[in-house]
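Geometric and topological summary
Each chain, written out:
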Amino acid sequence: MKRETWKLRLMAHRYGRKIRKNAGGSTFASTSIGKRILGNSGANSTSEKDSENTPVATTTEKIIDQHLVQHVVAVKMFSRTFPTSNVWILHDGNEAALIDSGYGDAPSIDARREYFGKNWADTKFVRIAMTHHHFDHSSGGRQLRDMLRADTAIHPLDEALLHTPLGPAEGNEDLPDDKVITDRAEVWKKEAFETPIDVTMADGEQFKVGSLTVTAVHTPGHTAGHNCYYVEETGQLFTGDNILGVGTSAIGPPPSGNMGNYLDSLRRMQELQAKLFAPGHGPVVTATAAKVQELLDHREIRDRQIIDIVEKGYDTDQRIRRALYPEIQKGLRRAAHGQVRSHVARMVGQGIMEVDESEDGSIWTVRLTK
Ligand SMILES: [Zn+2]
């Protein structure tokens, strides 16, 4: 059987290629959310009842401080315990911007329309800045843009990925085996793909919200064009899916994700010394320095574990995955497999490991270089 040395192929990968994995459901939690976020402005409403067959659309609002509001329209997906994506409302005076746009299905958009109509009718929305192209952050963009008359923005690399159509099964890997949700995912994909982008924001580009200055910080890894957004005046950093309020982000293997870039991005986020992280999922993080260090340490420990496992004779990506995550639940196996590959890919880049990829790409045979 013809085998191709994958090391060379890795070098040849380019961002902007058609993505195969992790297009939407690419984050997973390693811990469960501790408590529900409670609304505190009377804005809670339930558009759909929670049941085994019906996704939930429960609106919760949390006021973080005088400039920041967390708005969540909960949709049941990923693992049951994983929090839905956040939409952040950054505001000053009578101007506001959204960071991320949540889901674009009808119940989610209806819930947002009701909330914004009731609470923000006199506010001028200047921008919807997306952290990355995955549909849990982008698929509400088209309809919120119309509703709020705000410009949409994303990094140029993720604009290309947003406007790359996904195949029928793509982006569904981490979704529960539930027809209502997989049908809804088709809507999310279509909406994400059809979201117009008015402006792209490369690293360092800025916009104003009242007197606040928001700066794009290009932090690739989770996706090629992942942006964090930093608010100088408040020290707040919107971390997207690079740092979550709960658990760890899934970093897919190239070309969709890149572990080496991710670790560089974490270090860059560390240098900003932000006072608060407003993440893509879960609650805000105030112990910011400790959080970044914990994530960097977590990845280093994983590298060591994988090296140890390969030394013990586990020689393929699937065997490594089973040895590393023996207990993992079914819906997260693919994400876990992606984690193994992205760690291995980085160690290939460092010259620590070599990989032979089977012709159909399904098996990586792994060995240490020395
Ligand atoms: Zn996400």
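First, a word on scope: everything that follows refers to the structure included in this document. (Residues numbered from 1 in each chain as written. Predicted model: local features only at pLDDT ≥ 70, side-chain atom pairs only at ≥ 80, totals over all residues.)

Right, let's get into the overall build of the chain. Secondary structure assignment for the chain yields 10 helices and 16 strands. Split into buried and exposed, the 370 residues of the chain put 48% on the buried side. Considering only residue pairs separated by 6 or more positions, the chain has 69% of its internal contacts joining residues 24 or more positions apart. (Helix = DSSP H or I, 4+ residues; strand = E, 2+ residues; numbered from the N terminus. Buried ≥ 20, exposed ≤ 12 C-beta atoms within 10 Å, placed from the backbone. Contact = placed C-beta atoms within 7 Å.)

Before going further, it helps to examine the pairing of strand β14 (residues 276–279). Direction of pairing for strand β13 (residues 236–240) relative to β14: parallel, over a ladder of 4 bridges. When the bridges of β14 are listed, F238 appears paired with A278. Running through helix α7 (residues 259–271), the crossover from β13 to the neighbouring parallel element β14 is right-handed. (Pairing = 2+ DSSP bridges. Right-handed = clockwise from strand over helix to strand, strands pointing away.)

Generally speaking, a soluble globular protein has its nonpolar side chains buried in company with each other. Membership of the largest hydrophobic core comes to 76 residues, with the highest contact counts inside it found for W88, L90, A97, L98, A129, Y229 and V344. Residue contributions to this core peak at 6 residues, all from helix α10 (residues 333–349). Excluding residues within four positions of it along the chain, Y229 makes contact with I99, A129, V214, T215, A216, V217 and F238. (Core = buried A, V, L, I, M, F, W, Y, C linked by C-beta atoms within 7 Å.)

Here we take up the pairing of strand β7 (residues 124–129). Of all 6 residues in β7, 5 are buried; the element is thus mostly enclosed. Inspection of the sheet shows strand β6 (residues 95–99) paired to β7 by 5 bridges, in the parallel sense. By the bridge assignment, A96 is partnered in β7 with F125. Once you follow β6 into helix α2 (residues 106–119) and on to β7, the crossover reads as right-handed. Judged from the 3 bridges that link them, β7 and strand β8 (residues 151–154) form a sheet pairing that is parallel. Looking at the pairing, I128 lines up with T152 of β8.

On to the sheet that holds β14. Strand order in the open sheet formed by 5 strands is β10-β11-β12-β13-β14, and the pairing between neighbours is mixed. Two strands lie at the open edges of the sheet, namely β10 (206–209) and β14, each paired on one side alone. Strand after strand, the sheet turns through a mean of 25° between neighbouring axes, direction not considered. (Axes fitted to C-alpha atoms, helices over the stretch in contact; angles between N-to-C directions.)

With an omega of 10°, the peptide bond running from P254 to P255 counts as cis. Here P255 is to be found in the loop between β13 and α7. Although it is not a glycine, R149 adopts a positive phi angle of roughly 55°. With respect to the secondary-structure elements, R149 resides in the loop between α4 (141–148) and β8. For R149, a count of 10 C-beta atoms within 10 Å puts it in the exposed group. You will see that Q273, though not glycine, has its phi angle at about 50°, which is positive.

In terms of burial, α4 is largely enclosed, as 6 of its 8 residues are buried. Structurally, α4 contributes buried residues whose contacts are with β6, α2, β7, α3 (135–138), β8 and α6 (179–193). Note on α4: the residue one or two positions beyond its end, R149, has a positive phi of about 55°.

Time to look at the environment of T195. Positionally, T195 belongs in the loop between α6 and β9 (199–200). Along the sequence, T195 and G141 sit 54 residues apart, while their C-alpha atoms lie 5.7 Å from each other. When residues no more than four places from it in sequence are discounted, the contact partners of T195 are S138, G141, R142, T152 and L162.

This part covers the environment of S362. On the secondary structure map, S362 appears in the loop between β15 (353–357) and β16 (364–368). Considering only alpha carbons, one finds S362 and D317, 45 residues apart in sequence, at a separation of 9.2 Å.

Attention now moves to helix α9 (residues 317–324). Along α9, the positions that sit buried rather than exposed are D317, I320 and R321. The buried side chains of α9 occupy one side of the element, clustering within an arc of 100° when seen end-on. Check the buried side of α9 and you find it contacts α8 (288–311), α10 and β16. (Arc of directions from axis to C-beta.)

Here the focus is the environment of I309. Take I309: it is sitting in helix α8. With 19 C-beta atoms packed within 10 Å, I309 lands in the partly exposed category. Put simply, I309 and L324 are 15 residues apart on the chain and 7.8 Å apart in space, counted from C-alpha to C-alpha. Not counting chain neighbours up to four residues away, the residues in contact with I309 comprise Y314, I320, A323 and L324.

At a minimum axis distance of 9 Å, the contact between α9 and α10 shows a crossing angle of 115°. Classified by the angle between their axes, α9 and α10 sit roughly perpendicular to one another. Here α9 and α10 pass one another in a crossing that is right-handed. Two secondary-structure elements touch here, α9 through D317, I320, R321 and L324 and α10 through A336, H337, V340, R341 and V344. For the contact of α9 with α10, a count of residues per class yields 5 nonpolar, 1 polar and 3 charged. (Parallel < 35°, antiparallel > 145°, perpendicular 65-115°, else oblique. Left-handed = near helix turned anticlockwise from the far one by under 90°. Nonpolar A, V, L, I, M, F, W, Y, C, P; charged D, E, K, R; others polar.)

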